[in-house]
Each structure stands twice: as C-alpha cells, then as structure tokens.
Amino acid sequence: MPQVTSARPVGAVERTSKLLGVGNEFNLLLACCAVQAGPGRSERIRSLLRGPIDWAELSRLTEYHAVMPLVYRSLCGFAEDVPKLTLERLQQAYQRNAQKNLWLTCELIRILDCLKSHGIAAIPYKGPVLAETVYKDLALRQFSDLDILIRAADLACARSALRELDYASAIHLSEAEERAYLASGYEWTLDVPAGRNLLEMQWRILPQFYSVDFDMDGFFHRACIAELGGRRVRTLSPEDLLLVLCVHAAKHVWGRLSWVCDIAEAMRSQAVDYDRVRREAHALGIERILAITLWLGKELLAAPSPSELDEYRSNDPEVERLGQEIRLMLSQTSEYNTESADYFRLMLRLRERHQDKIRFLVRLATTPSTGEWSAVRLPPPLFSLYPAVRLLRLAGRALKK
C-alpha cells in the first residue's frame, strides 16, 4: 500500500483535479499530457511524484485513456521517482506501439497508392497522419485502425480496388440496404487477413441522424499536403481538422483523454484560422460542441485559448455546466451507453439551436439502420416501410422501461 501523504497542487491542471476530488493518479496523468513544455509542467509532475501514487491505477488510467506514449515521454525525465518495473513496462509498450504505428503507416501508403491508381480521391485523417502532422512524431499517438475520407459516389469503386490488397467488406447488405446505408450512414469497414475492421472508408464524419452536415466536397477543395513516411499525402486543413476532431470527441462524449489531447496538440502545433473555425461552427450549429471541447482542453491540459472563440464560451452557461459533467466522467473513467436515453438527451443538450435538436430527433426516430434490417426482413417492394419499423421498435423499447 502506498504511504498517504499530500502533494501540493501546482498550476491549473492540479487546481482542476483538486476541485474534482480525484486521486494523484489522474492528476499525474493530466500533468504528463499537458501541452505546454518547460519548467511549469516539470514542476507539476515532480510535485505529484512526491505524493502517494498507486502505479497499478496509473497504468490502468493510461491504458483506458490511450495516452501511454505521452505518459512514457513525460516520466522518462523522472526515472529516479518512478518504479523501475513501471518504467520498463511503459518502455516496452511504447516500443510495441511505435512498431505497430510504422506498420499501419506503410499499410496506409499502400492503400492510398491503390486508390490513386484507380482515380479515387482520398483524404486520410486521424491515425498516422494525425500523429505526424500534429504530434510531429509517429510514436506519440496510439491508434489501431485507418480512417480515410472518400466521396460516397466512389465507395463501390474503392471497395473493388482494395480487393487487390485482400481487403474485404466487413458489412454485407442487400442492394436496397446499401443504398439506404449510403444515404444515412457514414463509414464502411474493411477487413484484411492482418486484422478485422482495420480500414474505415468514410463519406461523412457522423451518421446523418446527428445532424452535423459537413461539406464533404469542401474538405477536398481545402485539403492540405502533409509528409508521411517520406510521401506527400492529402489531409484536412487545420480548421476542418479541428472541427472534425471536436464532433468526433462529442459523439463519444469525450470519453478518452486522448481525444482531448489530439485537439489540444492540433491547436498548439498548427496555424489555425479561428475566425473561419468560428464561422463554420456557427453554420453547422456546433458552437457549443466546439466551446466545450476548448474548455476541456484549457482546464485539463492547459491548451491555448483563442481569443476569437472566448465570446461564445462566456455567453453560453451550458458550456461550463456540460464541461464540468464531462470532466468528472473522464476522471472516473465512466462511459455513456450510446444506445441509452441518457446519451441521446446529452446529444440534444450539446446543440445550441432548436432546429438542430428537432432535426436530430426526427432523423433519429425515422432513419432505419442495420438493426431494423436484420430484425425484420421485408421483401424489396416493401423496403420503404422500414422507417415505420424503426418507429415501432423505438416505441417498444420505451414501453419496456
């Protein structure tokens, strides 16, 4: 059992954790992941290491929040204060992650070359590209699959092309189901002998019912060139990337600290036009999502706080209320059931405009999915009745509660 002594909180990260009433382990995790370098972060880490640390709990938190490379990088500078076995295990995990990331990078380049040879435009994002462009080090981010944006019209050709590389569909739908899925879904997963669901081909950022309708053609027009493994690849502009990462984190209720780290690092390392970010967020109706994400980055990781976006945060009291709830959830490693009524109520609270809330509810209630198609097998002439099937299934779930 660790000896119980008190560690003096130093800086914004520790003040946040003290208010939360969480243990030194989460405090230390935040300090290791904070975006600013230099004496301030070093002093915070050193101060926390003087207190009691349950190293097994820190390892659990590190794994849960998928921030092992950042924790290892930070703790390497304090080897005398970290148990030798803990540091060795972190080092081994860091090396395994680096090797896996190199393999996934090679695989991504192979996929992009294949798509290009078939005339299919593609934008990789997250995964290796995010590690290289934002963290400036392929080994500093954990990821296990590859995400590539394509146009919906190119999906069939992309799937056919990737058969040359032994990629096979993980989704099997009828012709009518596939047309409906293209209209309302957002990604098609592909398997390869080396791994299941290794590749996600995406024609939207979120399923349609979330009612965040990004301009996908705009992504391709504004795409930037990045270096990846000695190759030049297209990737999202810094402004598009920031908004995409925010809505992705919101979809998952910011449940992993790694998603907040990605956004904080993107703001630190890239030149972002925040005026354009603000305008686009307003047009999409995601100003609250953006504000909550930036609030979390500032409070938890000492991320930069752009003055161009401060006005909305200060004028919407829901930003801090929701931020406090999510911060507590992060510290307790608790998760929302994404099929629960609580989750959908939260998704409504995240939207600032009434019309977006209404669109969300209508689309959620009337957009059939693979669940309806597998639960009730209708003949092709009756396929248009599936929205009614979804309504009946939702009503049945509600009556059981």
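Residues numbered from 1 in each chain as written. Predicted model: local features only at pLDDT ≥ 70, side-chain atom pairs only at ≥ 80, totals over all residues. Heavy atoms only, no water.

(A) Here's a closer look at the pattern of salt bridges. Applying the stated rule across the entire model yields 31 salt bridges. Close ionic contact of R359 with D213 constitutes a salt bridge, the shortest N to O distance being 3.0 Å. Within this pair, whereas R359 is found in helix α18 (residues 354-366), its partner D213 is found in the loop between β5 (195-202) and α10 (216-222), the two being separated by 146 residues in sequence. For R359, a relative accessible area of 29% gives the class partly exposed. Across the salt bridge formed by E335 and R256, the nearest N and O atoms sit 3.7 Å from each other. Here the residue E335 occupies a position in the loop between α16 (317-331) and α17 (341-349), and R256 occupies one in the loop between α11 (238-251) and α12 (257-269), the gap between them amounting to 79 residues. By sharing partners, the salt bridges in this structure join D213, R351, R353, D356, R359 and R363 into a single network. (Salt bridge = Lys/Arg side-chain N within 4 Å of Asp/Glu carboxyl O. Helix = DSSP H or I, 4+ residues; strand = E, 2+ residues; numbered from the N terminus. Buried < 20%, exposed > 50% of the residue type's maximum accessible area, 1.4 Å probe, protein only.)

(B) Region of the structure containing the pairing of strand β7 (residues 231-235). With five bridges connecting them, strand β6 (residues 224-228) and β7 associate as antiparallel partners. Looking at the pairing, A226 lines up with V233 of β7. Where β6 folds back on β7, the antiparallel hairpin that results is connected by two residues, among which G229 adopts a positive phi of roughly 60°. (Pairing = 2+ DSSP bridges.)

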